[in-house]
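# Observations on the three-dimensional arrangement
Spelled out, the chains give:
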Amino acid sequence: MATATRALFMLFGATGDLAKRKLYPSIFNLYKKGYVDNDHFALIGTGRREWSDEKFREVILDSVSANADSEEQAKAFASHFYYMSHDVTNPEHYDALSDYANKLDQQYDIEGNRIFYISMAPNFFGTVAKNLKAHNCLSDNGGFNRLIIEKPFGRDYDTAEKLNNALAKSFNENQVYRIDHYLGKEMVQNIIALRFGNPLIEGIWNNKYIDNIQVTLAEKLGVEERAGYYDGSGALRDMVQNHTMQMLTILAMEDPISFKDVDIRREKIRALRSMHVYTEDEARQNFVRGQYGANGDQRDYRHEDNVPNDSITETYVAGKVLFENKRWKNVPFYIRTGKMLTDKFTRIDVVFKKPLVDIFASAKGTESELNNNVLTLFVDPVNKIILRLNGKQAGQGMEMQPLDLTHTQSDEEKAATPEPYERLIHDAILGNATNFASWDEVSRAWEFADVIRHVWDTDKPDFPNYTPGSMGPDAADELLARDGRAWVFNSKK
């Protein structure tokens with residue numbers, strides 16, 4: 001049964017695209033399912049636009065109507081939404097916000113539970129947090145105060161630390177929820193269930209049995225309307241430092257003593273601390289970058305709208321990550337992510353070692369007939385698990401062939417699976433930080449990425465170096481070939 005929670009939301013950036021596409025539908029789904037108390041919740045949306053409550057509620061209705069059971073249900077939900085025109089840099093506006101919050105707290109009997117969601121540019125995070133505390137927007141009557149912030153959390157370690165220090169003046173670390181929507185994906189969360197719920201899996205989850213692990217986050221489209229933001233970021237900052245690193249830590253972490261956020265975070269941090277931070281020469285050897293060229297009607301990156309024609313921003317990253325601990329010594333974790341690739345998908349390939357002796361080949365005096373066993377976790381666009389084994393071909397003799405054991409999420413399971421933002425907002429309401437990035441995780445990921453970024457800012461790349469529709473530059477294949485390995489998924493196959 002759902003446990004309803006009373007809460008007052010304050011959303012900064014309420015007129016933005018993310019709020020309309022993701023946040024309002026997610027809160028509405030929680031409302032429908034009974035996870036927010038239908039009689040004891042309200043949301044104050046803020047923005048620079050001069051909207052009325054009625055205009056704001058029209059936007060809410062447009063955002064959620066497709067998922068509503070009835071028009072009356074959607075209208076009842078929207079009636080809990082209130083709007084304030086607000087300049088986040090004007091301290092006086094926070095006094096009015098505080099008064100309004102106190103009024104709604106009493107009106108809806110919310111008991112002081114407040115969630116502050118900043119869906120704005122990171123340079124406003126510290127300003128909002130400081131003024132929320134200075135102007136008494138945080139409740140002090142026994143309820144909770146929680147702050148949800150979007151990525152990016154800084155551009156490097158120094159800016160991230162400065163941002164974190166600014167937040168720490170108003171909120172404790174256990175009140176800050178740094179959202180990474182990949183941590184809300186069903187299959188990413190399923191990694192923990194598969195590993196720690198199955199002795200069969202966890203018993204071989206180490207360097208004795210695993211040869212390498214590959215993580216791929218591929219995008220089929222280019223930069224589209226995000227060119228202005230993306231050219232100042234690049235694939236390393238946009239995808240590797242956050243989403244990719246979070247998945248790596250779940251794959252690499254040790255057994256937590258319980259399924260509690262403090263215990264899981266502790267093991268994720270330990271894994272990151274064992275991650276080898278490269279020297280600059282090692283970074284050049286173990287990481288490659290790319291930028292897509294032209295292909296037919298598709299322009300090259302440098303001729304996309306709002307992109308400088310001499311840009312050296314990478315649209316592709318591939319690299320090797322090493323963890324220096326007993327479990328993972330000498331097991332490479334290969335990662336890659338990029339735009340304009342073969343298709344849009346996210347997958348994890350766990351490649352197991354071959355038997356020390358191939359008895360089937362030995363009997364014939366031939367080379368090995370066995371392929372590596374591979375456990376593939378499909379994160380997007382479908383939730384699917386494939387375990388590839390070696391089996392016998394039908395017929396006379398002992399000829400080997402791949403044998404796939406497959407589980408695909410059913411339509412019923414898919415319908416019951418919450419969207420990432422719905423899941424994560426619910427976690428924040430409950431005070432469960434398991435699927436949010438802690439400062440220790442963020443800082444260590446930046447320390448790793450900063451070395452690579454510095455090398456790439458120093459060295460001049462030879463761009464463009466891969467064709468749209470491929471899986472990236474040849475250097476990404478060569479990275480694995482030097483180790484005698486290859487990508488499990490390869491569009492050239």
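Conventions adopted
Residues numbered from 1 in each chain as written. Predicted model: local features only at pLDDT ≥ 70, side-chain atom pairs only at ≥ 80, totals over all residues. Heavy atoms only, no water. UniProt positions renumbered as here; feature names shortened; annotations may be inferred. Helix = DSSP H or I, 4+ residues; strand = E, 2+ residues; numbered from the N terminus. Rg over C-alpha atoms; globule rule 2.2 N^0.38 Å. Contact = heavy atoms within 4.5 Å. Areas by Shrake-Rupley, 256 points an atom, 1.4 Å probe, with all protein chains shown as cover. Lys, Arg positive; Asp, Glu negative; His and termini not counted. Charge placed at Lys NZ, Arg CZ, Asp CG, Glu CD. 1 Å grid on protein atoms, 1.4 Å probe; cavity = no way out; pocket = protein on both sides within 12 Å on 5 of 7 lines; lining within 4 Å. Phe/Tyr/Trp six-rings, centres within 6.5 Å; stacked < 30°, edge-to-face > 60°. Buried < 20%, exposed > 50% of the residue type's maximum accessible area, 1.4 Å probe, protein only. Lys NZ or Arg CZ within 6 Å of the ring centre and 35° of its normal.

The name recorded for the chain in an unreviewed UniProt entry is Glucose-6-phosphate 1-dehydrogenase, from Apilactobacillus waqarii. Heading Sequence similarities (unreviewed entry) of the UniProt record for the chain holds this comment: "Belongs to the glucose-6-phosphate dehydrogenase family." Regarding the chain, the relevant UniProt record gives this comment under Function (unreviewed entry): "Catalyzes the oxidation of glucose 6-phosphate to 6-phosphogluconolactone."

### A look at the overall build of the chain
For the chain, the helix and strand inventory stands at 17 helices and 14 strands. Taking 2.2 N^0.38 as the reference for a compact globule, 493 residues should give roughly 23 Å; the C-alpha atoms of the chain span a radius of gyration of 25 Å, in line with that estimate. Along the longest, intermediate and shortest principal axes, the C-alpha atoms of the chain span 85 × 55 × 45 Å. The contacts of the chain with a sequence gap of at least 6 include a subset with a gap of at least 24, amounting to 75%. Carbon and sulfur atoms provide 48% of the accessible area of the chain, an area that totals close to 22,400 Å². Mean positive and mean negative side-chain charge positions of the chain (60 and 73 charges, respectively) differ by 3 Å.

### Comments concerning the UniProt feature "binding site: NADP(+)" (unreviewed entry) in the chain
When the UniProt feature table is mapped onto this chain numbering, "binding site: NADP(+)" (unreviewed entry) sits at Gly 13, Ala 14, Thr 15, Gly 16, Asp 17, Leu 18, Ala 19, Lys 20, Arg 48, Asp 87, Val 88 and Lys 151. Considering only the residues just annotated, the largest cavity is lined by Lys 151. Here Asp 17 shows up in helix 1 (residues 17-33).

### Some remarks on the environment of Phe 196
Relative to the elements of secondary structure, Phe 196 occurs in helix 7 (residues 186-196). Remark: the alpha-carbon pair of Phe 196 and Asp 255, spanning 59 residues in sequence, is separated by 7.0 Å. When near neighbours in sequence (up to four residues on either side) are disregarded, Phe 196 contacts Glu 202, Met 253, Glu 254, Asp 255 and Pro 256.

### Observations regarding the packing of aromatic side chains
All chains considered together, the criterion is met by 30 aromatic pairs. Judged by centre distance (6.4 Å) and plane angle (75°), the rings of Tyr 292 and Tyr 466 are edge-to-face. Here the residue Tyr 292 occupies a position in the loop between strand 8 (287-290) and strand 9 (316-321), and Tyr 466 occupies one in the loop between helix 16 (439-458) and helix 17 (474-481), the gap between them amounting to 174 residues. By the burial criterion, Tyr 292 is buried, and Tyr 466 matches it. Note on Tyr 334 and Trp 487: the rings are 6.2 Å apart at their centroids and 70° apart in plane angle, and the pair reads as edge-to-face. Remark: Trp 487 occurs in the segment after helix 17 and Tyr 334 occurs in strand 10 (residues 333-338); sequence separation between them is 153 residues. The rings of Tyr 24, Phe 28, Tyr 31, Phe 41, Trp 51, Phe 56, Phe 77, Phe 81 and Tyr 83 are connected pair by pair, giving a single aromatic cluster. Just above the ring of Tyr 182 sits the side chain of Lys 185; from NZ or CZ to the centre is 4.9 Å.

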